[in-house]
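Overview (structure and organization)
Letter by letter, the chains look like this.
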Amino acid sequence: MLRCAVLDDYQDVALGLADWSRVRAESFREHFGRQDDLVAAIHDHEIVVAMRERTPFPAELFDRLPKLRLLVTTGMRNASIDLAAAREHGVTVCGTGSISTPPVELTWALILGLTRHLVPESAAMRAGGPWQQTIGTDLHGRTLGLIGLGKIGSGVAAVGLAFGMDVVAWSANLTEERAAACGARLAPDLDALLAASDVVSVHVVLGDRTRGLVGKRELELMKPTAYLINTARAAVVDQDALAAALRAGRIAGAGLDVFDLEPLPEGHEFRTLPNVLATPHLGYVTELNYGTYFREAVEDIDAFIDGAPIRVLSP
């Protein structure tokens, strides 16, 4: 029976969400931050299931895992896997389905948490602190700027419209027709969107064109009363520039679910800045999504064992 390692199962739920009976499945709850530790743990496994991009698989890692034959990633896109190197080493890489609504919901949790100061007000309630200490920011009548208007961005737009917000959107290939179909206006360019928006939310895929898309210059275009939300990929926003803007109060705050290094190190300023509401990459972490991930991961494994792989990702 083939051995299967399930990585980064933080909540220790993977083995209970699907039927892994055709393999000797082993779940690893702790993240392996060092490649040496990862190799020591999984070097004798033929199958690995990776949770999104929590653990990268660069070319040199495949060199160190000669027994690996199947790598399954949750979701159908994983920028941290070197697909060309996998193929060169005879490793099949498969994906799973994913649901777009959970990141939409978390985006709005961050927006509402920031604008209504839910964390400090709730903490004060628990600690016997002052009864009311902040004034919330209204969303109705304000401008929501969306960088990206795909499945997730359009879902965020729909909620913004329900709140009575003016929704503007921009991405490199976005058209007026597509924006209008989502109830949004197409911004002339990114600069115009940043300057006009009271809340800016990032929903683009990370790639060569979007890495560092929002940097120091772009952050300086935002209103000092505006909030930045990122539930997409950390590297779309220059992290050093964002930290500097938050320290200086050049923007009102940020809601962050994604980080350059995850888990975020203890003592990192994004854990402690008073104008940051941070969550540990929870965007896709819901019951329905996890059920889909692990059920379809097992389907991928069964199909591979039967000699007919499904949902194969190409370099």
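The sections below set out a description of the structure shown in this document. Note that the structure is predicted; figures quoted are calculated from it, not measured.

1. What about the side chain of threonine 279?
In this structure, threonine 279 sits in the loop between strand S12 (276–278) and helix H11 (287–305). For threonine 279, a relative accessible area of 15% corresponds to the buried category. Each residue touching threonine 279, except ones within four places of it in the same chain, is listed here: Leu106, Leu110, Leu256, Asp257 and Phe259.

2. Notes on the sheet that holds strand S7 (residues 166–170)
Pairing within the open sheet is parallel, and its seven strands lie in the order S8-S7-S6-S9-S10-S11-S12. What marks the edges here is a single partner per strand, and that holds for strand S8 (185–186) and S12. As defined by bridge partners, strand S6 (residues 143–147) adjoins S7 across five bridges and the pair is classed as parallel. When the sheet's bridge partners are listed, threonine 143 is paired in S7 with aspartate 166. Its contacts with the sheet place helix H10 (residues 239–248) against strand S10 (227–230), strand S11 (253–256) and S12, and it is angled at close to 135° to S11.

3. What about the pattern of salt bridges?
Side-chain pairing between opposite charges can occur once the charged atoms of the two side chains come close. All chains considered together, the criterion is met by 16 salt bridges. Residue arginine 311 is joined to aspartate 300 by a salt bridge in which the shortest nitrogen-to-oxygen separation is 3.1 Å. Here arginine 311, found in the segment after H11, pairs with aspartate 300, found in helix H11; they are eleven residues apart in sequence, far enough to count as distant. A single salt-bridge network, built from bridges that share partners, covers Arg34, Asp36, Asp37 and Arg64.

4. Overview of the packing of helix H4 (residues 101–115) against helix H6 (residues 151–162)
H6 packs onto H4 with a crossing angle of 45° between their chain directions and a minimal axis gap of 9 Å. It follows that H4 is oblique to H6 by the angle criterion. For the pair H4 and H6, the crossing hand works out as right-handed. On the side of H4, the interface is formed by Pro103, Val104, Thr107 and Trp108, while H6 contributes Ile152, Gly155, Val156, Val159 and Gly160. Partitioning the contact of H4 with H6 into residue classes produces six nonpolar, three polar and no charged.

Cut-offs and rules
Residues numbered from 1 in each chain as written. Predicted model: local features only at pLDDT ≥ 70, side-chain atom pairs only at ≥ 80, totals over all residues. Heavy atoms only, no water. Helix = DSSP H or I, 4+ residues; strand = E, 2+ residues; numbered from the N terminus. Buried < 20%, exposed > 50% of the residue type's maximum accessible area, 1.4 Å probe, protein only. Contact = heavy atoms within 4.5 Å. Pairing = 2+ DSSP bridges. Axes fitted to C-alpha atoms, helices over the stretch in contact; angles between N-to-C directions. Salt bridge = Lys/Arg side-chain N within 4 Å of Asp/Glu carboxyl O. Parallel < 35°, antiparallel > 145°, perpendicular 65-115°, else oblique. Left-handed = near helix turned anticlockwise from the far one by under 90°. Nonpolar A, V, L, I, M, F, W, Y, C, P; charged D, E, K, R; others polar.

Nothing here speaks to function; it is geometry throughout.
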